[in-house]
2 protein chains.
Amino acid sequence: MKPSIPKGTRDFSPAEVAKRQYIIQKIKTNFEKFGFQPIETPSFENSETLMGKYGEEGDRLIFKILNSGEYLEKFNDFLLKIVEESLFYHKESIVHFNNLNVEDGIKLVEDDIVKFTSDFQKIINIKNLNYFEDEKISINLIEDLYNLLIDFIHNPENGLGKDRFILMDELHLKDVSLKIFASFYLKLKSKYLASYISEKALRYDLTVPFARYVVQHQNEIEFPFKRYQIQPVWRADRPQKGRFREFFQCDADVVGSTSLWQEVELVQLYDSVFTDLGLNKVTIKINNRKILSGIAEVIGASDKLIDFTVALDKLDKIGEDGVKKEMIEKGISETAIEKVQPLFHFTGSIAEKIEKLATLLSSSVDGMKGVEELQFICDNVSSLGLSSSILDLDVTLARGLNYYTGAIFEVAPPATVSMGSIGGGGRYDDLTGIFGLKNMSGVGISFGLDRIYLVIEELNLFPETVTSTSKAIFLNFGNEETKYAMKAISNLRKSGLKVELYPDNVKIGKQFQYADKRGIPFAVIVGDEEMKNDQFSLKNLASGEQQKVSFEELKELLA
Amino acid sequence: MKPSIPKGTRDFSPAEVAKRQYIIQKIKTNFEKFGFQPIETPSFENSETLMGKYGEEGDRLIFKILNSGEYLEKFNDFLLKIVEESLFYHKESIVHFNNLNVEDGIKLVEDDIVKFTSDFQKIINIKNLNYFEDEKISINLIEDLYNLLIDFIHNPENGLGKDRFILMDELHLKDVSLKIFASFYLKLKSKYLASYISEKALRYDLTVPFARYVVQHQNEIEFPFKRYQIQPVWRADRPQKGRFREFFQCDADVVGSTSLWQEVELVQLYDSVFTDLGLNKVTIKINNRKILSGIAEVIGASDKLIDFTVALDKLDKIGEDGVKKEMIEKGISETAIEKVQPLFHFTGSIAEKIEKLATLLSSSVDGMKGVEELQFICDNVSSLGLSSSILDLDVTLARGLNYYTGAIFEVAPPATVSMGSIGGGGRYDDLTGIFGLKNMSGVGISFGLDRIYLVIEELNLFPETVTSTSKAIFLNFGNEETKYAMKAISNLRKSGLKVELYPDNVKIGKQFQYADKRGIPFAVIVGDEEMKNDQFSLKNLASGEQQKVSFEELKELLA
């Protein structure tokens, strides 16, 4: 049986690692040029650090790690307790049903359940079951149980059913009651179960660990703190093309300053990285949460904001009428649509767009603050200039609407490539509040490594020098020749050259074939004659050209 | 409440990341110079890939990942089944105990248990419990149950005890039987439990994933395959000083060739890395599994080999007599010790040591093969020369005895540092056999990043240039000044310089203080005068020296 790896994960071959490292190195170099400093955080965090930070869906997608050590024994104790307690209920239920009139059987109908649950309540009161009190759920207990029983008898699979009034002998009823109690008990316990067997979880993104880091190390950090972090994250998402369960994030964030110069620098940083990667004409889209709030204010419906931006985003595809139709279908009034009419002809230079927004949002304090911020950022970016990227103002950009409070960024690849965003970011006014450090504004951007890789591959922009393969291989003609070769190899390596020895003395054809398949450009041949003359035969494996050279010449030719 | 990270894990500050990256970069560069190519494997593997590969203790230390998605619901079904089945046993046990003579109570002693277990066997036979058959454990079932019951009644905590013959009423006995059955059932199930809730586990080392990679990708790989891998691994070890639950391994291995030239190159590789790191006079210890087999043969006790090497290793500390005393205590005969007498005076050059071994092991075929291998490796290393390291032959080196089959390596830090090994490795004749690809010899070495870090730190060998801090900070005197400054900043960054802007226009003292605490060497000041004259004031923050310079001069001074 061939071994495999978990779905959604990847092995990276030498060629792939070299290309990934090439991108990471460019990003890293630029992060540092822009004054960002690297930190690294552990792959797993305490569960409470991560849980509840990404919404309910996010919580579900966090990979949890089983407690190590004696967890299995502890866990068995826990199970044993469940078994014992379920049995206790079983015993009680037998007592209960023995007290019911069960001469020919019992009609288990809704009326009976009322009595049943009230009896159950008595049992609980008598027994004073403290774990229910502990968990502060005793008030809802009877109601929950009632619903559970009603559900149970209405499920045809259980062979009961309100309409059929099936008669059950006493034993059957006991079994049913047992099953109900056990299942009920487990339902109560299950929410505590996960935390019982797992207290650690794999990092879901780099932002929450960064916020945790800042709060934990606040006394060692000088603010504003510009940090970058390039590490893998893990998500239990359903794997699909281009979406993985393990992938790298490359984040740069500043925390502890509200200066808009940082937004200016982050746009420049995007431009600098993509220029260095040869990825020209990416579009850096910018928007501002306050612009979106202003629009919501103007259309008089903040709950319709997403519907509005999603529809507006389709302007190119379905035209003005199509967009308006969709907006009306979503419950946005015609009056509201009329008010934001300029957004349907939102073209021109950034300066012109900002002017349009200033008119449109003049009645909104928030909106006008957004206009002012955009103006500052765009003016300064424009006066400093971008090397190869295009800055664009996109009012439909609503990425991360829930947490961004100021600028919103997104980078689209060159228009010739059909691919989603290759980067994104924004400002959040309260980055570290979740961990108790208030009023720390943060702003940051992220690079999508996997997509950038695909874009560069598609545009054939990886330099040929991006490879981890050796420059030359010394063929193996036997131990004496190899001793001679190894001296040269050692010296070439000391000069920083990547060279290798074919380790085994096998047929020379096989060695050439190996060099060829590995994509090594040169082979070095050492035979009697070369040894006698203190020379090396250097063969260019692409052209087939071969020449005898001295060590110094060899070094020069391989450099 | 201050947030924290799981025990045994670490946050790395910018200074620490820079130093770690410095070491990793040196290792990486040398790996590539020696013809090794990088691969990367996923952080988690399928559990069956890892389990059973590191012994029982290793299995326990592997971090398991909870199945994602609906695992909790499935798990509840599983628990419910346990509850139901336990209850089934309960019912059976009641029947059983009702059939016993329990007039005044039962003496639960060993005689009774014989009957009890035999009755239980009957129940199992009658009920034909197929999950026991499925798990092929029914044969041992009765024996296990018997032992469990014996253990149970002998435990004073259960209020019973063989010597006390405590009488129990029927009900108490039922409870006891229930508890026994439930606990027994769980014991049976628990080994299946982990796989039920977890199918993935975090990488424990880089060797097993490498073997898996080679087998999985065997058709894409050219053999011999020289790969390196620098990635974190995770172990649920008890954390202690210098031992972490997440740490990096840096491995270079060759698979698919038995050539001893690789051992020669690996010694050179160690030398090259440690020389590059300025870590001179490390001792590269070498031994060979076959030498150890030879010694075992000569002392006539292969099971005493570890006791022998452990004792011999103490020669410096407790002297020849002490070592011999310990050996005799461990059951090694005086005759045996006499036979290996030369090992007690095992000094001199490597060549002399090899000669002594050749005499000592002349009767052992395996041993002489080891001598021959050592001779080849040491001769060639010696003729090629090492830059700064010391090669030593250490017959007490028994590292990884269970899997190494040829050379064994270990690197000790310079004698001035008190620290364990900073690297190790060896040859294993069948690296990929566990995954079904036979006859693939592998040889490799590993670098201990954390310990190397500590040694370099202790010896103060990190170059001052190892830092991620900016070279200069432009102070912020307001928007006009900043616009002027940002133009210079952009241009300096385009020349590859690390410079930053203080983002906020706050008191200048605070800005200087920030630069100082951050360890930034230069501050650049831009005021009215500088702007007027197209200049910059550059202040050396260590000396306090300040000068007015042009942009070109600035660029030169910061380069």
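Look up: the structure comes first, before these words.
All of these numbers come straight from a predicted model, not from anything done at the bench. (Residues numbered from 1 in each chain as written. Chains lettered and ligands numbered in written order. Predicted model: local features only at pLDDT ≥ 70, side-chain atom pairs only at ≥ 80, totals over all residues. Heavy atoms only, no water.)

With that settled, consider the packing of aromatic side chains. Applying the stated rule across the entire model yields 38 aromatic pairs over all chains. An angle of 50° between the planes, with centres 4.3 Å apart, marks the rings of Y54 of chain A and Y204 of chain A as tilted. Here Y204 of chain A lies in the loop between β6 (198-202) and α9 (207-216) and Y54 of chain A lies in the loop between α2 (47-50) and α3 (55-61), a separation of 150 residues in the sequence. Across this residue pair, the class does not change: Y54 of chain A and Y204 of chain A are buried. Arranged with centres 6.3 Å apart and planes meeting at 85°, the rings of F474 of chain B and F536 of chain B form a pair that is edge-to-face. Here F474 of chain B, found in strand β12 (residues 472-474), pairs with F536 of chain B, found in strand β15 (residues 536-540); they are 62 residues apart in sequence, far enough to count as distant. In this pair, the class of F474 of chain B matches that of F536 of chain B, namely buried. Three or more aromatic residues joined by ring pairs form one cluster here, namely F31, F36, Y228, Y270, F274 and F447 of chain A. (Phe/Tyr/Trp six-rings, centres within 6.5 Å; stacked < 30°, edge-to-face > 60°. Helix = DSSP H or I, 4+ residues; strand = E, 2+ residues; numbered from the N terminus. Buried < 20%, exposed > 50% of the residue type's maximum accessible area, 1.4 Å probe, protein only.)

Residues and elements named next belong to chain B. Inspection of the secondary structure assignment puts S198 in strand β4 (residues 198-202). There is a polar contact of 2.9 Å between the side chain of S198 and the backbone oxygen of I65. Engagement of the side chain of S198 in a polar contact is seen with the backbone oxygen of K200, the distance being 3.3 Å. (Polar contact = N/O pair within 3.5 Å; in protein donor to acceptor, adjacent residues only side chain to side chain.)

This paragraph deals with helix α17 (residues 449-458) of chain A. Residues and elements named next belong to chain A. Residues of α17 that are buried: L449, D450, I452, Y453, V455 and I456. The elements touched by buried residues of α17 are α1 (14-33), β8 (246-255), α10 (261-276) and β13 (442-447). Phi for N460, located one or two positions after α17, is positive at around 60°. (Contact = heavy atoms within 4.5 Å.)

Pairing between side chains of opposite charge can happen when their charged atoms approach one another. Inspection of every chain in the model, using the stated rule, returns 44 salt bridges over all chains. Note that E45 of chain B is salt-bridged to R212 of chain B, the shortest N-O span being 2.8 Å. Of this pair, E45 of chain B sits in strand β2 (residues 44-46) while R212 of chain B sits in helix α9 (residues 207-216); the two residues are 167 residues apart in sequence, bridging distant segments of the chain. The buried category is assigned to E45 of chain B, whose relative accessible area is 0%. The class for R212 of chain B is buried, based on a relative accessible area of 0%. In the salt-bridge network here, residues are joined through shared partners; they are R10, R20 and D450 of chain A. (Salt bridge = Lys/Arg side-chain N within 4 Å of Asp/Glu carboxyl O.)

Quick look at the sheet that holds strand β16 (residues 522-525) of chain A now. All names here are of chain A. Judged by pairing direction, the sheet is mixed, and its 5 strands sit side by side in the order β15-β14-β16-β17-β18 without closing on themselves. The two strands at the open ends of the sheet, each matched to only one other strand, are β15 (499-501) and β18 (546-549). Here the average twist between neighbouring strands, direction ignored, is 25°. (Pairing = 2+ DSSP bridges. Axes fitted to C-alpha atoms, helices over the stretch in contact; angles between N-to-C directions.)

Residue and element names in this part refer to chain B. For the pair helix α1 (residues 14-33) and helix α17 (residues 449-458), interaxial distance at closest approach is 10 Å and the crossing angle is 110°. Compared by their axis directions, α1 and α17 come out roughly perpendicular. From α1, E16, K19, R20, I23 and I24 reach across to α17, where they touch L449, D450, I452, Y453, I456 and E457. (Parallel < 35°, antiparallel > 145°, perpendicular 65-115°, else oblique.)

Side chains on a regular strand alternate between the two faces of the sheet. Residues and elements named next belong to chain A. In strand β10 (residues 390-393), alternate side chains face the same way, and those of L391 and L393 are buried while those of I390 and D392 on the opposite face are not. By the bridge criterion, 4 bridges tie strand β9 (residues 283-288) to β10 in an arrangement that is parallel. Bridge pairing in β10 links T283 to I390.

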